[in-house]
Structure formats: structure tokens, C-alpha cells
Amino acid sequence: MTDSPHGFPPRTASYEADPEQVRRVLLLYSGGLDTSVMLKWIQDQYDAEVVCLTVNLGQPGEDYEVIEGKARMLGALDCHVVDAREEFARDYVIPAIKANALYGGGYPLFTALGRPLIAKLAVDHARSSGCDTIAHGCTGKGNDQVRIEATVATLAPELKTIAPVRSWQMGREEEIAYAQEHGIPIKTHQAGGTGSETAPYSIDDNLWGRSSEGRWIEDLDHAPEDDVFQLVTRPELAPDQAEVVEVEFERGVPVGLNGLRLELVELIERVAAVAARHGVGIVDHIEDRIVGLKVRDIYEAPAAAILLPAHQELEKLVCTIHQNQFKAQLDRQWAYLVYAGLWWEPLRTDLDAYMDSVNEQVTGTIGLKLYKGHARVVTRSSPNAVYDQALASFGESGGLFSQTASPGFIELWSLQSRMAWRLRNK
Ligand code: ARG
């Protein structure tokens with residue numbers, strides 16, 4: 001392989017930008033080291049203009065004025081800050097709740113849900129600000145590059161992408177050196193109270209959860225160090241008093257908390273706060289990435305750790321045995337598609353139609369008891385429950401349920417199994 005005249009690696013995919021054609025770039029800007037270095041680097045290397053876009057998906061503790069000021073200081077033509085929390089909650093988190101979405105048995109997909117929206121907003125802003133190219137800060141080892149580039153290539157075939165981290169071959173030290181040379185301010189991270197400077201964890205967060213990767217997390221044999229938990233109280237420090245929370249759903253959508261009706265974003269934030277206080281929502285997860293690697297992540301997803309089990313419990317109550325058995329398979333397929341970056345795949349829309357249909361019945365209230373890292377369902381109520389207390393009542397007979405009919409049922413139900421047993425055990 002030979003390098004292009006600019007020293008850029010050769011292009012592999014149709015949607016990758018030809019360095020000669022890059023005039024104005026929409027950069028997905030977080031304000032962190034990678035994308036700040038990138039903001040300068042793109043101006044230098046491509047001799048191009050850069051417009052920044054920063055998306056608020058409810059990640060705590062961001063100062064968007066500071067981010068915007070930094071972008072302008074580093075030469076951005078413009079910096080748009082978009083508050084997309086409501087759209088994220090309504091159009092991405094709600095479908096995930098309706099699909100009980102957990103990948104690999106533990107990951108509630110917050111990053112996987114956020115990326116297609118971020119990339120869609122990048123497309124909108126690239127178009128409205130006359131950009132020809134979209135740049136992002138994802139590495140070549142993760143799923144996020146897949147989610148972003150697949151979205152751009154799907155929604156905007158006329159736009160190209162560049163992913164400088166995949167090609168610039170700078171490590172953290174070189175990036176810091178580049179930043180110092182180019183007057184890019186860098187935050188320093190202190191760890192362990194020793195005053196020594198260490199690389200930070202690689203963090204991604206939004207209102208549905210937070211992930212940490214890197215450092216000792218890559219050592220599978222290393223138990224979590226305390227400083228990784230920035231959102232959820234460590235269970236051993238959680239209150240000694242348990243707390244019950246009641247979540248009310250209407251047609252699969254959470255609408256109330258402890259009897260109080262709330263807007264979606266606020267409801268998610270409040271659920272997250274109470275769960276976090278009780279140490280609920282920590283997941284130490286090994287994940288099969290779509291790019292082939294296995295990676296360990298530490299997740300803090302307090303809102304999901306309450307709302308997903310609450311929804312699932314209510315759904316189970318209002319559905320028949322047949323729906324419950326079938327939907328679990330579709331839920332799994334939904335989570336995999338979204339994890340794998342195929343948000344815009346028509347199968348996902350097809351599955352959503354089924355999810356919506358089932359969720360028509362998912363109305364009612366679930367109570368969960370939170371205690372030192374655990375959330376356990378303790379109460380259920382729904383006008384649509386396929387449940388009759390009189391029928392279920394132990395030892396009672398009468399009404400719709402006839403106990404004397406049971407032997408006939410058992411005879412027919414077990415017929416094939418009995419015949420097969422006899423044949424095989426002759
Ligand atoms: N492993 C998760 C996923 O693939 C989280 C990724 C977090 N992304 C990040 N850039 N730190 O969705």
C-alpha cells in the first residue's frame with residue numbers, strides 16, 4: 001500500500017473523503033483532548049474550515065459554554081450546541097425500553113442508542129452549514145465508528161467522512177505534545193490521591209448510562225477500583241435503609257414516579273438519581289464487539305437498571321405465555337441490530353411495529369425495592385393483567401378454572417412425550 005500525495009492512508013470505502021476535496025468539515029466536538037487536537041489538525045492537514053457540533057444527550061457535568069468557547073478559540077468557524085435530550089429520550093430510549101433492550105445480558109445500549117442520533121444531527125448540521133465532510137473522534141477498534149459512519153453513509157450519501165484517530169498515528173503522549181505546541185488547553189487528571197498524573201478512563205455517557213474503558217479495566221483479573229464509579233454510589237456505601245420506588249407506565253412508556261407524573265427526561269433523571277443513591281446499576285461486562293474483539297466495560301446505568309426490569313415485569317403480566325416466549329427472541333434481535341450500528345435497518349422498524357403493538361397493553365405500575373446495589377420487583381398492578389386472583393388462588397375451585405378438567409389435559413399434553421419415551425426405552 002502506498003500513501004496518498006498528502007501522506008494520508010489510501011481510502012478503503014466509498015464514503016471516505018478524498019483529502020483533495022475536503023473544504024469544510026463538520027466536526028463532532030466534545031471539547032476533550034482528541035477532538036480538540038483534531039480541530040486544529042484538520043485545519044492544518046486539509047487546509048479546510050471546521051464547523052463544530054456538540055450534542056447534549058444528558059451527559060452530566062458538561063459546561064457547554066466552555067466547550068463552545070474552546071472551539072472558537074481553536075479556530076472553529078462556528079460551534080453549534082444542540083440539546084437533543086428530549087429527542088433522545090423519546091425516539092431512542094423509549095423504543096429500547098419497549099424492546100427490553102440489553103445486549104449480551106447486561107449492556108443497556110446507551111452509547112449504541114446515542115450514536116445514530118448524534119450522526120443524524122451531524123448530517124443535518126453539515127447540510128445546513130455547507131460542509132462536505134463529517135469528522136468524528138472514534139478509534140478504529142470500537143463500535144462507535146461503525147454506528148456513526150453507517151448512519152452518515154445511509155442518510156447522506158453525498159457527504160464524506162474522516163476519522164483522524166484511525167489514521168494520524170498519534171498516541172496520547174504525542175497528542176499532548178501536539179496540544180502543547182498548538183496552544184490547546186488540556187485538563188490534567190489526578191488519580192489515587194498520589195498526585196501522579198495518569199491517563200484518564202475512556203468515558204462515554206448520556207442520560208441512559210455511562211461507560212468506562214481503558215487502564216486496569218483491560219486487565220480482566222483486576223477487580224474494579226473505587227475511582228471508576230462517578231455516577232453510582234458503591235453498594236457498600238449505600239444507605240442502610242431500603243427504599244421502594246413505584247414506576248407507572250402507559251403503553252410501555254414510563255410516565256410517573258411515586259405517584260407524580262413527569263416529563264420523560266426528568267423522569268429518567270430522577271429514577272437515575274434514586275437508583276444511584278442505592279448503588280443500583282453497576283455492570284462489569286465483557287462484550288463481543290462487532291469488530292471482532294472482546295472488551296471489558298464498566299457500566300453505570302442506574303435509570304436503566306430500574307426502568308428496564310420494571311417494564312419487563314409489567315409486560316410479562318399483560319402478555320400471554322405465547323407473546324412472552326416470542327417477544328424475548330425479537331427483543332434480542334432488536335438489541336443486536338442496535339448494538340451493531342444498524343439503527344436505520346428496516347428490520348429494526350419492522351421489529352418496532354411489533355414492539356409497539358405489544359406495548360399497547362403495557363399500562364400499570366411496578367414497585368421496586370432498592371437496597372445496596374439491588375432492585376427487586378415487589379408490587380405489580382395493571383388493568384390489563386392477564387391475571388385473576390380468584391383463579392390463581394391456591395386450593396380454590398370454580399369459575400373459569402376447572403380442576404377436574406386437568407387430568408384430561410395432562411393426558412393429551414404429555415401424549416407424544418410418553419410415546420417417544422416408550423420407543424426409546426424398549
Ligand atoms: N462498549 C460500548 C459500546 O460499544 C460502549 C462504548 C463506549 N464508547 C466510547 N467511545 N467510550 O457501545
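None of these values were measured; they are calculated from a predicted model. (Residues numbered from 1 in each chain as written. Predicted model: local features only at pLDDT ≥ 70, side-chain atom pairs only at ≥ 80, totals over all residues. Heavy atoms only, no water.)

(A) Structural view of the sheet that holds strand β11 (residues 282-288). With respect to topology, 4 strands assemble into an open sheet ordered β6-β7-β12-β11, the strand pairing being antiparallel. In the strand order of this sheet, the two ends are held by β6 (202-206) and β11, each with one partner. Between one strand and the next, the sheet's axes are offset by a mean angle of 25°, whatever the strand orientation. With 3 bridges connecting them, strand β7 (residues 209-213) and strand β12 (residues 294-300) associate as antiparallel partners. Bridging across to β12, Ser211 finds its partner in Tyr299. Strand contacts of helix α4 (residues 110-128): β6, β7 and β12, with the helix running at about 75° to β6, the strand carrying the most contacts. (Pairing = 2+ DSSP bridges. Helix = DSSP H or I, 4+ residues; strand = E, 2+ residues; numbered from the N terminus. Axes fitted to C-alpha atoms, helices over the stretch in contact; angles between N-to-C directions. Contact = heavy atoms within 4.5 Å.)

(B) Quick peek at the pairing of strand β13 (residues 364-371). Pairing of strand β8 (residues 243-250) with β13, which is carried by 7 bridges, proceeds in the antiparallel orientation. Bridging from a neighbouring strand, Phe249 pairs with Gly364 of β13. Of the pairings in the sheet, the one linking β13 to strand β14 (residues 374-381) comprises 7 bridges and is antiparallel in character. Note on β14: the bridge partner recorded for Lys369 is Arg376.

(C) Seen up close, the packing of helix α10 (residues 321-339) against helix α11 (residues 346-359). Across the interface, α10 lies against α11 with an axial gap of 10 Å and an inter-helix angle of 140°. The crossing of α10 and α11 is left-handed. Counting all contacts with α10, which are made through Gln323, Phe326, Lys327, Leu330, Asp331, Gln333, Trp334, Leu337 and Val338, the residues of α11 involved are Leu347, Arg348, Leu351, Asp352, Tyr354, Met355, Val358 and Asn359. Of the residues that constitute the contact of α10 with α11, the class distribution is 10 nonpolar, 3 polar and 4 charged. (Left-handed = near helix turned anticlockwise from the far one by under 90°. Nonpolar A, V, L, I, M, F, W, Y, C, P; charged D, E, K, R; others polar.)

(D) How the structure looks around helix α5 (residues 144-155). Compared with an ideal rise of 1.5 Å per residue, which puts 12 residues at 16 Å, α5 spans 17 Å between its outermost C-alpha atoms and is within 8% of the ideal. Residues Asp144, Gln145, Arg147, Ile148, Glu149, Thr151 and Val152 constitute the buried set of α5. If you follow the buried residues of α5, they end up packed against β1 (24-28), α4, β4 (133-135), β5 (160-162), α6 (164-167) and α10. (Expected span 1.5 Å × (residues − 1). Buried < 20%, exposed > 50% of the residue type's maximum accessible area, 1.4 Å probe, protein only.)

(E) Broad picture of the site of the ligand. Taken together, 14 residues are adjacent to the ligand, and Tyr107, Asn143, Asp144, Arg147 and Glu287 come closest. Side-chain polar atom of Asp297 to a nitrogen atom of the ligand: 3.2 Å apart, as the coordinates give it. Going through the elements one at a time, α4, α5, β6, β7 and β12 are the ones with two or more residues in the shell around the ligand. Residues that form the shell around the ligand fall into these classes: 3 nonpolar, 4 polar and 7 charged. (Near = heavy atom within 4 Å. Polar contact = N/O pair within 3.5 Å; in protein donor to acceptor, adjacent residues only side chain to side chain.)

(F) Structural view of the pattern of salt bridges. This model, assessed by the stated rule, comprises 30 salt bridges. Where Arg72 meets Asp78, a salt bridge forms, and the shortest distance between an N and an O atom there is 3.4 Å. Its relative accessible area of 38% is what places Arg72 among the partly exposed residues. Note on Asp78: relative accessible area 27%, which makes it partly exposed. For Arg270, the salt bridge goes to Glu266, with nearest N and O atoms at 2.7 Å. Pair noted here: Arg270 and Glu266 are both in helix α8 (residues 264-277), with a separation of 4 residues, about one helical turn. Judged by its relative accessible area of 38%, Arg270 is partly exposed. The class for Glu266 is partly exposed, based on a relative accessible area of 35%. (Salt bridge = Lys/Arg side-chain N within 4 Å of Asp/Glu carboxyl O.)

(G) Examining the nonpolar core more closely. The biggest cluster of nonpolar side chains holds 79 residues, and the ones touching the most others in it are Leu109, Leu113, Trp208 and Trp334. Counting residues per element, this core draws most heavily on α4, which supplies 10 residues. Ignoring any residue separated from it by four or fewer positions in sequence, one finds Trp334 in contact with Pro95, Ala96, Ala99, Ala101, Leu109, Leu113, Trp343, Arg348, Leu351, Asp352 and Met355. Counting residues in hydrophobic clusters, the runner-up holds 29 residues, among them Val22, Trp41, Val50 and Tyr178. (Core = buried A, V, L, I, M, F, W, Y, C linked by side-chain atoms within 4.5 Å.)

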